[in-house]
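Here is how the chains run, residue by residue.
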Amino acid sequence: FPSHDTRDENGMLVINAGVTTERVNEVIKVLLSELSKLTKELVGDVELKKVKSLLVGNMKLGLESSDDIANFYGTQLLLKNEIKSLKEKEKEIMSVSAKDIQKIAKEIVKNENLKIAIIGPEKVEIKPEDLIF
């Protein structure tokens, strides 16, 4: 389950995965491989359209109550000192290209930016060689 948090000076890209202890190393390898691909290959048109539609749909669904709407506009005002309409935000999302994604991926998908947290009932041994993009 990917998520993100954006700020002016910092932010984070988070990937959560619920897996068994036995598969932790395998899942880490796959996730790092997929992240690395973002820096080397362009996202396909079909996948990009799906993600854009999902983001726009979630944004619209997230504005069902007056509190949600206040949060939508208030966050923009507090963090960016500007307010964009839902239509403007949708237009921004739809204008993102595969090259834009690759450019940002090259900036953030780096070994020095990698942080890993494993939470579970058992100790898990991670192989350092598995933690390289």
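The rules behind each value
- Residues numbered from 1 in each chain as written.
- Predicted model: local features only at pLDDT ≥ 70, side-chain atom pairs only at ≥ 80, totals over all residues.
- Heavy atoms only, no water.
- Helix = DSSP H or I, 4+ residues; strand = E, 2+ residues; numbered from the N terminus.
- Contact = heavy atoms within 4.5 Å.
- Areas by Shrake-Rupley, 256 points an atom, 1.4 Å probe, with all protein chains shown as cover.
- Lys, Arg positive; Asp, Glu negative; His and termini not counted.
- Charge placed at Lys NZ, Arg CZ, Asp CG, Glu CD.
- Phe/Tyr/Trp six-rings, centres within 6.5 Å; stacked < 30°, edge-to-face > 60°.
- Buried < 20%, exposed > 50% of the residue type's maximum accessible area, 1.4 Å probe, protein only.
- Axes fitted to C-alpha atoms, helices over the stretch in contact; angles between N-to-C directions.
- Parallel < 35°, antiparallel > 145°, perpendicular 65-115°, else oblique.
- Left-handed = near helix turned anticlockwise from the far one by under 90°.
- Salt bridge = Lys/Arg side-chain N within 4 Å of Asp/Glu carboxyl O.

(A) Inspection of the overall build of the chain at higher detail. From N to C terminus, the chain includes five helices and two strands. Projected onto its principal axes, the C-alpha positions of the chain cover 45 × 35 × 30 Å. Across the chain, the fraction of contacts at a sequence separation of at least 24, relative to all contacts at a separation of at least 6, is 58%. Counting every atom, the chain has about 10,400 Å² of accessible surface; 56% of that belongs to carbon and sulfur. Mean positive and mean negative side-chain charge positions of the chain (21 and 23 charges, respectively) differ by 5 Å.

(B) Representation of the packing of aromatic side chains. Enumeration over the complete set of coordinates arrives at one aromatic pair. Between phenylalanine 72 and tyrosine 73, the ring centres sit 4.8 Å apart and the planes meet at 80 degrees, which makes this aromatic pair edge-to-face. Look at phenylalanine 72 and you get buried, because its relative accessible area is 14%.

(C) How the structure looks around the packing of helix α2 (residues 45-61) against helix α4 (residues 86-95). Taken N-terminus to C-terminus, the directions of α2 and α4 make an angle of 165 degrees; their axes are 9 Å apart at the nearest point. Classified by the interaxial angle, the pair formed by α2 and α4 is roughly antiparallel. With respect to the hand of their crossing, α2 and α4 are arranged in right-handed fashion. In this structure, α2 contributes Lys52, Leu55, Val56, Met59 and Lys60 to the contact, and α4 contributes Leu86, Lys89, Glu90, Ile93, Met94 and Ser95.

(D) Local environment of the pattern of salt bridges. As enumerated under the stated definition, the model contains six salt bridges in all. Residue lysine 37 pairs with glutamate 34 through a salt bridge whose shortest N-O separation is 3.1 Å. You can see lysine 37 and its partner glutamate 34 sitting in helix α1 (residues 24-40), three residues apart, about one turn around the helix. Residue lysine 37 is classed as partly exposed on the basis of its relative accessible area of 35%. One salt bridge in this structure joins lysine 123 and glutamate 125, with 3.6 Å as the shortest N-O distance.

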